[in-house]
Amino acid sequence: MPFVKIDEKNIYYEEYGKHNKNTIVYFHGGPGESCLSYTHQAKVLGENYHVISFDQYGVLRSDAIPENQVFGVKDHAQLIEKMRKKLGINSWTVLGHSYGGMLASHYVHTYSKHVDSVIYDCPTWNIALTSKTVASFLLPYFEKVGCEKGVNICNDILNEEITSKDAFDKAIMLSRMMQEDEGIRIYSHVIDPHDYQQYNMKYIPQINTDATNWGKFVVHTQKLMEQGDFYNNYLPNLKDIKVPSLLLVGKYDLTCGKDQQDYFCKYSHNGYIVEFQNSAHLSWIQEPQAYTKAIIDFLDTKI
């Protein structure tokens with residue numbers, strides 16, 4: 001397996017395409033999801049570009065984060081910039097999904113000289129707003145089915161006095177309820193678990209690793225929560241980012257709600273938005289051809 005060593009940390013990465021083409025670097029979401037689920041899409045984009053995807057520090061095949069180390073969004077961005085230099089990439093297009101979109105906004109804002117363009121795929125730039133989007137969407141469902149627990153959690157999140165951390169913690173509770181309740185999944189247009197499993201079986205390679213590696217993401221996520229900059233508001237970064245920017249959103253995605261989309265449309269420079277009509281949070285699985293075309297059209301005309 002290919003690794004690049006950054007500050008004595010082994011970071012797993014994959015490359016597709018040819019070096020003489022424009023480079024795309026993929027920031028996975030989660031936090032802690034790994035780049036594994038994006039493998040097929042990275043290969044598809046590799047037919048037109050040079051694509052790099054990697055497991056973030058503390059995730060799956062990359063080195064684990066020690067318990068005594070402080071590591072947050074800012075630290076991840078700094079490590080990625082060192083990785084760019086180590087791999088000999090002069091500049092690249094940054095593509096961030098979900099939490100990776102938050103990381104992308106900070107990275108591009110900080111290291112813009114080495115960024116050609118940025119693509120945000122169902123990003124979260126503001127955890128509090130994302131949590132409120134989820135709560136606003138699910139509240140009518142819980143009221144309709146008489147789920148008092150769900151109603152109470154949603155109302156707590158929608159309370160103006162709630163902190164970003166508390167809102168996110170409660171949104172995680174809602175996320176777990178969505179995973180457990182088929183009715184909520186259908187109401188939310190979340191991808192069917194069977195379809196997701198079938199996609200993985202068809203397109204995602206089986207890797208030979210152990211439970212310890214699969215479980216690394218727990219500490220990775222914990223470190224982000226403890227450091228605290230995960231809860232910052234990254235929307236203002238969009239005002240300062242001058243490179244061409246593309247926002248990809250599924251019509252039914254709850255991560256990047258209308259308020260965050262409106263902010264992007266109002267304040268981003270050279271900003272473009274594409275909405276996928278039959279997708280939620282995983283457009284590259286739910287509408288793969290449209291997803292690939294949107295990226296190609298953007299990159300071929302804007303950089």
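This write-up is about the structure you can find in this document.

**Digging into the sheet that holds strand 2 (residues 9-16)**
- A sheet is described by the order of its strands in space; here eight strands give the open sequence 1-2-4-3-5-6-7-8, paired in mixed fashion. Every other strand in the sheet has two partners, leaving strand 1 (3-6) and strand 8 (271-276) as the edge strands with one partner each. For this sheet, the mean inter-axis angle between neighbouring strands, taken without regard to orientation, is 25 degrees.
- Pairing between strand 5 (residues 92-97) and strand 6 (residues 115-121): six bridges, direction parallel.

**Some points on the side chain of K216**
- Within the secondary structure layout, K216 lies in the loop between helix 9 (211-214) and helix 10 (217-227).
- No salt bridge forms around the buried K216; measuring N to O, its nearest opposite-charge neighbour D63 is 5.4 Å away.
- For K216, the residues in contact, after removing those within four places along its chain, are G58, V59, L60, R61, S62, D63 and A64.

**A closer look at unusual backbone geometry**
- Cis rather than trans, the peptide bond between G30 and P31 has omega equal to -5 degrees.
- Along the chain, P31 turns up in the loop between strand 3 (23-27) and helix 1 (39-45).
- Unlike most non-glycine residues, D7 shows phi in positive territory, near 50 degrees.
- Within the secondary structure layout, D7 lies in the loop between strand 1 and strand 2.
- Given the relative accessible area of 45%, D7 is considered partly exposed.
- Of note, the phi angle at C122 is positive, near 45 degrees, even though the residue is not glycine.
- Relative to the helices and strands, C122 resides in the loop between strand 6 and helix 4 (127-145).

**Some remarks on the pairing of strand 4 (residues 50-54)**
- Within strand 4, five of the five residues are buried, which leaves the element mostly enclosed by the surrounding structure.
- Across the two faces of strand 4 the burial is the same, with H50, I52 and F54 and V51 and S53 all buried.
- You can see the chain leave strand 3, run along helix 1 and come back into strand 4, and the turn it takes is right-handed.

**Notes on a negative patch on the surface**
- A grouping of E180, D181, E182, D192 and D195 is seen on the molecular surface, where their side chains present a negatively charged patch.
- By the element assignment, E182 lies in helix 7 (residues 182-188).

**Points about the side chain of N237**
- Within the secondary structure, N237 sits in helix 11 (residues 237-240).
- Apart from the residues lying within four places of it in its own chain, the contact partners of N237 are S105, H106 and H109.

**Remarks on the packing of aromatic side chains**
- Evaluation of the coordinates by the stated rule reveals 24 aromatic pairs.
- Here the aromatic rings of F168 and F230 are separated by 5.2 Å at their centres, their planes lie at 70 degrees, and the arrangement is edge-to-face. Taken together, the residues span a long stretch of sequence, with F168 in helix 6 (residues 164-180) and F230 in the loop between helix 10 and helix 11 at a distance of 62 residues. The burial state of F168 is the same as that of F230; both residues are buried.
- An aromatic cluster is built from Y26, Y38, F276, W284 and Y291, whose rings are joined through pairwise contacts.
- The positively charged end of K9 is found above the aromatic ring belonging to Y57, 5.5 Å away from the centroid.
- Across the ring face of Y267, the terminal group of K239 is positioned such that the distance to the ring centre comes to 4.4 Å.

The rules we used
Residues numbered from 1 in each chain as written. Predicted model: local features only at pLDDT ≥ 70, side-chain atom pairs only at ≥ 80, totals over all residues. Heavy atoms only, no water. Pairing = 2+ DSSP bridges. Helix = DSSP H or I, 4+ residues; strand = E, 2+ residues; numbered from the N terminus. Axes fitted to C-alpha atoms, helices over the stretch in contact; angles between N-to-C directions. Buried < 20%, exposed > 50% of the residue type's maximum accessible area, 1.4 Å probe, protein only. Lys, Arg positive; Asp, Glu negative; His and termini not counted. Salt bridge = Lys/Arg side-chain N within 4 Å of Asp/Glu carboxyl O. Contact = heavy atoms within 4.5 Å. Right-handed = clockwise from strand over helix to strand, strands pointing away. Patch = residues over 30% accessible without salt bridge, like charges linked within 9 Å, V, L, I, M, F, W, Y side chains within 5 Å. Areas by Shrake-Rupley, 256 points an atom, 1.4 Å probe, with all protein chains shown as cover. Charge placed at Lys NZ, Arg CZ, Asp CG, Glu CD. Phe/Tyr/Trp six-rings, centres within 6.5 Å; stacked < 30°, edge-to-face > 60°. Lys NZ or Arg CZ within 6 Å of the ring centre and 35° of its normal.

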